[in-house]
Amino acid sequence: MFKFLRKGAIFLFAFSIISLVSCGPEKENVGPGPDPDINEDDKKEDNYIPSLISPTGAPTLPAYKLLLSEKVEANTVTDATTIPAYFSSGNSDFIVFDSTNAQKLLNKAGENAKYEFVQMLTGGNFHLLGFDKTEEDVPANDDTIYGFMSQSTPGILFRNIYGSDMVFDQAFNGIAELQTSLLTMKNYEIAGTKIDWAVVAEPANTALQSKLKANGNTNILDINLNAAFKEKHKDEWNKDYICQAGLFVKKEFKEEHPEVYESTISLLQEGINTLFTDLDSAFNEMTSGELSDANKFQAKFGFNSGVIKGVQGTNSSKNGFGVVPNDVKFTVGDINKFNSLTA
């Protein structure tokens, strides 16, 4: 009897617990809400700030939105020869550099390459200046020739057009150093030496010629090296632009922060479009705030803001900087072909 009652009590207790649970209030349907199966941290916006390194000069114009954005840690350097080390160190998420040399580095690294090509930024702003020359004159081995980045596109392009044995008598690390030296020229001479030719780039070219002529170097022949290359290789190269400064991205960053990568590229391309549709708006954005100070602008971009509209023309109709529009696509194959043509 006792055992029977004990078992009954246990049964009633268990039944009452089940009843209480089953008769409790139903889960209220409150509409969309946090899913307990989803980690809320995974849904948070990715606030990662990517880094970018770029040489000063022409490449900074198509990249201006990135240089101004608080969502990009952008740094510019006047000495472009310091940049190749980033391709092996991986210390920057984005790299702007001479696309021909950069792709050679990546090809050599093969599957171990830390970066990949994204987009061509500039494609044709190199000029050969002839001092006291005529259109019939061409560079000769006994001429004194100044240039910059001899082992990158400026030097490679020059030798491809005028001869593989041509060298720069003075080879500078960047256009800024070359410009500083050339500005000491008077009556076509620097420190008593007659200067015959110089390979330069926009926008330095426009400002440089104006100042050189004021110093008595009035007869300056200006040869567009992009046009000269296209004429030489007209049966092999069907693009209006050459391979010049390109944007490269670290693969690891792109994989780990895909949304940040996409938004950064979108911002870049927005800026490039604005250069061709509303240059005045782009100019005002670039020269606002602390960058209205000429010295700060020069330090960041590597040129005086006053040359932008003259070099580019109305809505980049002249496009002296050689900005590659977003709808002109370059591939790694294009860069490799350009390298083969200039080898």
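Quick caveat: nothing in here was measured; it's all calculated off a predicted structure. (Residues numbered from 1 in each chain as written. Predicted model: local features only at pLDDT ≥ 70, side-chain atom pairs only at ≥ 80, totals over all residues. Heavy atoms only, no water.)

1. Quick word on the side chain of Asn 319
Reasoning step 1: Mapped onto the elements of the fold, Asn 319 is located in the loop between α13 (308-312) and α14 (332-341).
Reasoning step 2: Every residue in contact with Asn 319, bar those within four places of it in the chain, is listed here: Tyr 241, Phe 276, Val 311 and Gln 312. (Helix = DSSP H or I, 4+ residues; strand = E, 2+ residues; numbered from the N terminus. Contact = heavy atoms within 4.5 Å.)

2. Looking at the confidence of the model for the protein chain
Reasoning step 1: For the protein chain, the mean per-residue pLDDT works out to 89, and 87% of the residues sit at or above 70.
Reasoning step 2: In this model residues 1-34 is a low-confidence stretch, pLDDT under 50, and it forms one contact with partners more than four residues away in sequence or in other chains. (pLDDT = per-residue confidence, 0-100.)

3. Comments concerning the pattern of salt bridges
Charged atoms that come close allow side chains of opposite charge to pair.
Reasoning step 1: Under the definition given, this model contains 10 salt bridges.
Reasoning step 2: Residue Glu 231 is joined to Lys 234 by a salt bridge in which the shortest nitrogen-to-oxygen separation is 3.4 Å. Pair check on accessibility: Glu 231 and Lys 234 agree, each one exposed.
Reasoning step 3: Among the salt bridges present, the one from Asp 334 reaches Lys 239, with a minimum N-O distance of 3.7 Å. Here Lys 239 lies in the loop between α8 (225-232) and β12 (245-250) and Asp 334 lies in helix α14, a separation of 95 residues in the sequence. One exposure class covers both Asp 334 and Lys 239, and it is buried.
Reasoning step 4: A single network of salt bridges, built from pairs that share partners, joins Lys 65, Glu 270 and Glu 285. (Salt bridge = Lys/Arg side-chain N within 4 Å of Asp/Glu carboxyl O. Buried < 20%, exposed > 50% of the residue type's maximum accessible area, 1.4 Å probe, protein only.)

4. Quick look at the sheet that holds strand β11 (residues 220-224)
Reasoning step 1: One open sheet holds the five strands; their spatial order is β7-β6-β10-β5-β11, and the pairing between them is mixed. Looking at strand neighbours, the two that pair on one side only are β7 (170-172) and β11, the edges of this open sheet. Neighbouring strand axes in the sheet, compared pairwise and without regard to direction, differ in orientation by 20° on average.
Reasoning step 2: Judged from the three bridges that link them, strand β6 (residues 145-148) and β7 form a sheet pairing that is parallel. Paired with Tyr 146 across the strands is Gln 170, a residue of β7.
Reasoning step 3: Along the sheet, α8 makes contact with β5 (126-131), β10 (197-201) and β11, crossing β11 at roughly 50°. (Pairing = 2+ DSSP bridges. Axes fitted to C-alpha atoms, helices over the stretch in contact; angles between N-to-C directions.)

5. With respect to the packing of aromatic side chains
Reasoning step 1: Overall, the coordinates contain 19 aromatic pairs when judged by the stated rule.
Reasoning step 2: Seen in terms of ring centroids, Phe 158 and Tyr 162 are 5.4 Å apart; in terms of plane orientation they differ by 40°. Their pairing is tilted. Within this pair, Phe 158 and its partner Tyr 162 are both found in helix α5 (residues 153-162), separated by four residues, close to a single helical turn.
Reasoning step 3: Assessed through its relative accessible area of 1%, Phe 158 is described here as buried.
Reasoning step 4: Ring centres of Phe 303 and Phe 321 lie 5.3 Å apart, and the angle between their planes is 65°; on these two criteria the pair is classed as edge-to-face. In this pair, Phe 303 sits in the loop between α12 (294-301) and α13 while Phe 321 sits in the loop between α13 and α14, placing the two residues 18 residues apart along the sequence.
Reasoning step 5: On the accessibility criterion, Phe 303 (4% relative accessible area) is buried. (Phe/Tyr/Trp six-rings, centres within 6.5 Å; stacked < 30°, edge-to-face > 60°.)

6. What to know about the pairing of β10
Reasoning step 1: Most of β10 sits out of view: five of its five residues are buried.
Reasoning step 2: Of the two faces of β10, the one lined by Trp 197, Val 199 and Ala 201 and the one lined by Ala 198 and Val 200 are each fully buried.
Reasoning step 3: Bridging between β5 and β10 involves five bridges; their strand directions are antiparallel. Note on β10: the bridge partner recorded for His 127 is Val 200.
Reasoning step 4: Both β6 and β10 contribute to a ladder of two bridges, which runs parallel. Each residue of the ladder has a partner; that of Ile 145, found in β10, is Trp 197.

7. Overview of the sheet that holds strand β1 (residues 51-55)
Strand pairing in a sheet relies on backbone hydrogen bonds, with the paired strands running either antiparallel or parallel.
Reasoning step 1: Here five strands make up an open sheet; going across it, the order is β2-β1-β3-β12-β4 and the pairing mixed. In this open sheet, the two strands that pair with only one neighbour each are β2 (73-77) and β4 (115-120). This sheet shows a mean twist of 25° between the axes of neighbouring strands, independent of strand direction.
Reasoning step 2: Looking at chain direction, β1 and β2 are connected through five bridges and run parallel. Within β2, the residue paired with Ser 51 across the bridge is Glu 73.

8. Structural notes on the layout of surface pockets
Reasoning step 1: What the largest pocket holds in volume is close to 630 Å³.
Reasoning step 2: In terms of lining, the largest pocket is formed by 37 residues, of which the most central are Thr 56, Gly 57, Ala 58, Ile 175 and Ala 176.
Reasoning step 3: Mapped by element, the contributors of at least two residues to the lining of the largest pocket are β3 (94-98), α5, α6 (175-182) and α7 (204-214).
Reasoning step 4: Looking at which element gives the most residues to the lining of the largest pocket, the answer is α6, with four residues.
Reasoning step 5: Here the residues of the lining of the largest pocket sort into 19 nonpolar, 15 polar and three charged.
Reasoning step 6: The calculated volume of the second largest pocket comes to roughly 280 Å³. (1 Å grid on protein atoms, 1.4 Å probe; cavity = no way out; pocket = protein on both sides within 12 Å on 5 of 7 lines; lining within 4 Å. Points joined across faces, edges and corners; volume = space filled by probe spheres on them. Nonpolar A, V, L, I, M, F, W, Y, C, P; charged D, E, K, R; others polar.)

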